[in-house]
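Each chain, written out:
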Amino acid sequence: MAMVLTERRGAVAVITLNNPAQYNALGGTLIAELNAAFDAGLADKDVRAIVLTGAGKGFCAGAQLGGSTFDAGDRVASLLRDEVNPLIAKMRAAAVPVVVAVNGPAAGAGVGIALAGDIVLAARSARFVLSFVKLGAALDAGTSQLLQRSVGVARARALALLGEPLDAARAEQWGLIWKAVDDEQLMSEAFALAQKLAEGPPISIGLIKSQVEAAFAAPLATALDGEAIAQAKAFVTEDLREGAAAFVEKRPAKFSGR
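Undergrad: I tried to follow the overall build of the protein chain on my own but got confused; where do I start?
TA: Secondary structure summary: the protein chain contains eleven helices and nine strands in total. Its C-alpha radius of gyration of 19 Å places the protein chain within 12% of the 18 Å reference for a compact globule of 258 residues. Taken along the three principal axes of its C-alpha coordinates, the protein chain extends 60 × 45 × 35 Å. Buried positions account for 41% of the 258 residues belonging to the protein chain. Long-range contacts, defined as pairs at least 24 residues apart, comprise 68% of the intrachain contacts of the protein chain with a sequence gap of at least 6. Looking at the protein chain, you have 25 positive and 26 negative side-chain charges, and the mean spots of the two groups are 3 Å apart.

Set out below in structure tokens:
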């Protein structure tokens, strides 16, 4: 059985974690298949947005505990460096926008994978829990940075040290996610959002993604110079001319990605 499912809906690629019996825990070949699914989606020039979600009642339970999970620390570090970290990095660096639909509990590394997306929606029944401390483990999957960026240092520190679950409504209030939605509406809203992004200007979206990522911890002067460089790239595109014409003519723009 494939542990990651992929589907194309027009210009949107839908990637689904498919280990529902284990709440989509990161065991077996799941991480390798997830990396491959993202590689394929990002390499396809016809894909303009990606939706990531989970099958069954959970989004991702983090590490699948037991057996080789408790091998030497060096093996764990290698697994993170070789499989988990590249996934987080490619989601953040991708020019294509990634919408994450958290359909159920996200725990441990599952929280990091969710937060690596650009826009995160969560079902109202979803929960986010940094379960690392409950296991005597350290943070991983980017949670040490991504959590602070979303909710601030004080809340990130408490969530990490206490390991208490955060429900979707509070996650929205705290800025951990973009929006909490009714469970039955999650995938339709996530796809509609991805479709809207797919219809937008790809070059502009890619530039904005990279600007937000680079500017977060950069000095203001560096961010300002980065804006000038990015804007110079945007202003020579056909998409900008089309967007400007559509604005003046009061019609929807048709972006080509050129």
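Undergrad: What is the right way to look at unusual backbone geometry in this model?
TA: Note: most peptide bonds trans; most residues except glycine with negative phi. Residues other than glycine seldom take positive phi values, yet Asn 24 does so here, at roughly 60°. Within the secondary structure, Asn 24 sits in the loop between β2 (12-17) and α1 (30-43). Residue Asn 24 is classed as buried on the basis of its relative accessible area, which comes to 0%. Its identity is not glycine, yet Ala 141 carries a phi of approximately 60°, on the positive side. Structurally, Ala 141 can be placed in the loop between α4 (132-135) and α5 (143-151). Judged by its relative accessible area of 2%, Ala 141 falls in the buried class.

Undergrad: Is there a simple way to think about the pairing of strand β1 (residues 4-9) in this case?
TA: One face of the sheet, then the other: side chains in a regular strand alternate in exactly this way. The pairing of β1 with β2 spans six bridges and is classified as antiparallel. Among the inter-strand pairings, Glu 7 is bridged to a residue of β2, identified as Val 14. Between β1 and β2, which pair antiparallel one after the other, the connecting turn spans two residues, and Gly 10 there sits at a positive phi close to 65°.

Undergrad: Just to check I follow, could you spell out the nonpolar core for this structure?
TA: Side chains that are nonpolar tend, in soluble globular proteins, to be buried together. In this structure, Phe 38, Leu 52, Phe 59, Val 100, Val 102, Phe 128 and Leu 176 are the most contacted members of the largest nonpolar core, which totals 51 residues. Apart from the residues within four sequence positions on either side, Val 100 is in contact with Leu 52, Phe 59, Met 91, Ile 113, Ala 114, Gly 117, Ile 119, Val 120 and Leu 121. Among the nonpolar cores identified, the runner-up in size contains 14 residues, and Ala 49, Val 51, Leu 121 and Ala 190 belong to it.

Undergrad: I tried to follow the sheet that holds strand β8 (residues 166-167) on my own but got confused; where do I start?
TA: In a beta sheet, neighbouring strands are held together by backbone hydrogen bonds and run either parallel or antiparallel to one another. Ordered by their spatial adjacency, three strands build an open sheet running β5-β7-β8, and the pairing between neighbours is mixed. The two strands at the open ends of the sheet, each matched to only one other strand, are β5 (106-107) and β8. Both strand β7 (residues 127-129) and β8 contribute to a ladder of two bridges, which runs antiparallel. Paired with Phe 128 across the two strands is Leu 166, which belongs to β8.

How each quantity is defined
- Residues numbered from 1 in each chain as written.
- Predicted model: local features only at pLDDT ≥ 70, side-chain atom pairs only at ≥ 80, totals over all residues.
- Heavy atoms only, no water.
- Helix = DSSP H or I, 4+ residues; strand = E, 2+ residues; numbered from the N terminus.
- Rg over C-alpha atoms; globule rule 2.2 N^0.38 Å.
- Buried < 20%, exposed > 50% of the residue type's maximum accessible area, 1.4 Å probe, protein only.
- Contact = heavy atoms within 4.5 Å.
- Lys, Arg positive; Asp, Glu negative; His and termini not counted.
- Charge placed at Lys NZ, Arg CZ, Asp CG, Glu CD.
- Pairing = 2+ DSSP bridges.
- Core = buried A, V, L, I, M, F, W, Y, C linked by side-chain atoms within 4.5 Å.

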